[in-house]
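Remarks on the overall topology
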Amino acid sequence: MNVVGYTDLLSVEPGDTIRVMVSCTLPEYRADLVRLVHGDPNPDGPGVKEETIPSPINRSHPGREQDFPRGSYVRVPDSPPLRIEGSFTLQAYVWPTTPEKGLQGIITKWAGDAGYGLFIGEDGSPALWLGDGSGKVERASTGVPLVPAQWYVLAATFDAATGEVSLYQEPLSMWAADDANATVQRETSLSGLGSNDGPLLIAAFTDRNGSGETAVGGHFNGKIERPRLLNRALSAEEVRAKSEEGLVAAWDFSLDVSLARVSDVSANRLHGTAVNI
């Protein structure tokens, strides 16, 4: 459609103000305020009947195309505890719907070449991204694609003292294939991370749009439960035990379900906001 628009209110009273947002792919468009007498275009009826109401808006307006950002995710504002530059652990329960659809964010605090994030890679397998902010980026993957509509426990750790990363992928289905489990450990050339002042995102990551501007992309398609961040690298035993020592944030989606707020139940109270529900 060349012209689309909507109002910020569904109804108003005399003296109220209503805003109309319009996106138009054409150089200009015409707008008129009308009183709708009959809106059914059925040829068996009286047809559309409307009366023009005198108004300053009754004229041509310059057109401009405006994007509508789609996709749901959680945005947690930047905070010092989230600016991790050393060891850390990310954990989450994940139920992917379309793991093969391309790069998707699970828990990410990523900006350019600085930060960290747990992703689903292009091949559909869990991946950990690390960036030191100076152009050096390391990526590690389990190499085992996730199966759609199955619950998994995912965890990723980075030990700044050794440069070692670990990835854990455990399906929760009792009928999971034998090769669905994966544990990957390897060394990286990093001894620390570059921090950034961007938000932490759950179910998406910070990307660039077609104009090169910062935008949110890589929306995750599926379900995420109990995402957590710790400021140390957990051992395999601690990952299985879900240790809380060094807990930075633990978001509980079962709280405040009628609100846009996503509550962090850790001592830091790093609450987030659900965008697009």
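Scroll up to find the structure this text is about.
As the structure is a computational prediction, the values presented were derived from the model and not from experiment.

Once that is clear, we can look at the overall build of the protein chain. Within the protein chain one finds one helix and 22 strands. For a compact globule of 277 residues, the expected C-alpha radius of gyration is about 19 Å, and the protein chain comes in at 24 Å, more than 25% above that figure. The dimensions of the protein chain, computed from C-alpha atoms along their principal axes, are 75 × 45 × 35 Å. Contacts in the protein chain between residues far apart in sequence, at least 24 positions, make up 55% of those at least 6 positions apart. When the 23 positive and 36 negative side-chain charges of the protein chain are each reduced to one mean point, those points stand 3 Å apart.

A word on the pairing of strand 21 (residues 261–264). Direction of pairing for strand 20 (residues 247–252) relative to strand 21: antiparallel, over a ladder of two bridges. By the bridge assignment for strand 21, Trp-251 is matched with Asp-264. Strand direction decides the pairing type here: strand 21 and strand 22 (residues 272–275), joined by two bridges, are antiparallel. Across the sheet, residue Arg-261 finds its bridge partner in strand 22, namely Thr-273.

Okay, the packing of aromatic side chains next. In total, this model carries five aromatic pairs according to the counting rule given. Considering the side-chain rings of Phe-88 and Tyr-116, the 5.0 Å spacing of their centres and the 40° angle between planes classify their relative orientation as tilted. Here Phe-88, found in strand 8 (residues 88–96), pairs with Tyr-116, found in strand 10 (residues 114–120); they are 28 residues apart in sequence, far enough to count as distant. Since its relative accessible area comes to 1%, Tyr-116 is described here as buried.

The next subject is the nonpolar core. Core analysis: the largest hydrophobic core is formed by 40 residues, its most contacted members being Phe-88, Ile-106, Tyr-116, Leu-130, Leu-200 and Leu-229. Once residues within four sequence positions are removed from consideration, Phe-88 is found in contact with Tyr-116, Leu-128, Leu-130, Ala-156, Thr-157, Phe-158, Leu-193, Leu-229, Leu-230, Asn-231, Arg-232 and Ala-233. The next biggest cluster of nonpolar side chains, apart from the first, holds six residues, and it includes Leu-103, Trp-110, Trp-129 and Phe-205.

Turning our eyes to something else, we now look at the pairing of strand 10. A large share of strand 10 lies buried, amounting to seven of its seven residues. Note: strand 9 (residues 104–111) against strand 10, seven bridges, orientation antiparallel. Looking at strand 10, one finds that Lys-109 is bridged to Tyr-116. As consecutive antiparallel partners, strand 9 and strand 10 are separated by two residues, and within that stretch Gly-112 has a phi angle of approximately 65°, a positive value. In this structure, the hairpin formed by strand 10 and strand 11 (residues 126–132) is closed by a connection of five residues, where Gly-124 is found at a positive phi of approximately 90°.

Cut-offs used in this document
- Residues numbered from 1 in each chain as written.
- Predicted model: local features only at pLDDT ≥ 70, side-chain atom pairs only at ≥ 80, totals over all residues.
- Heavy atoms only, no water.
- Helix = DSSP H or I, 4+ residues; strand = E, 2+ residues; numbered from the N terminus.
- Rg over C-alpha atoms; globule rule 2.2 N^0.38 Å.
- Contact = heavy atoms within 4.5 Å.
- Lys, Arg positive; Asp, Glu negative; His and termini not counted.
- Charge placed at Lys NZ, Arg CZ, Asp CG, Glu CD.
- Pairing = 2+ DSSP bridges.
- Phe/Tyr/Trp six-rings, centres within 6.5 Å; stacked < 30°, edge-to-face > 60°.
- Buried < 20%, exposed > 50% of the residue type's maximum accessible area, 1.4 Å probe, protein only.
- Core = buried A, V, L, I, M, F, W, Y, C linked by side-chain atoms within 4.5 Å.

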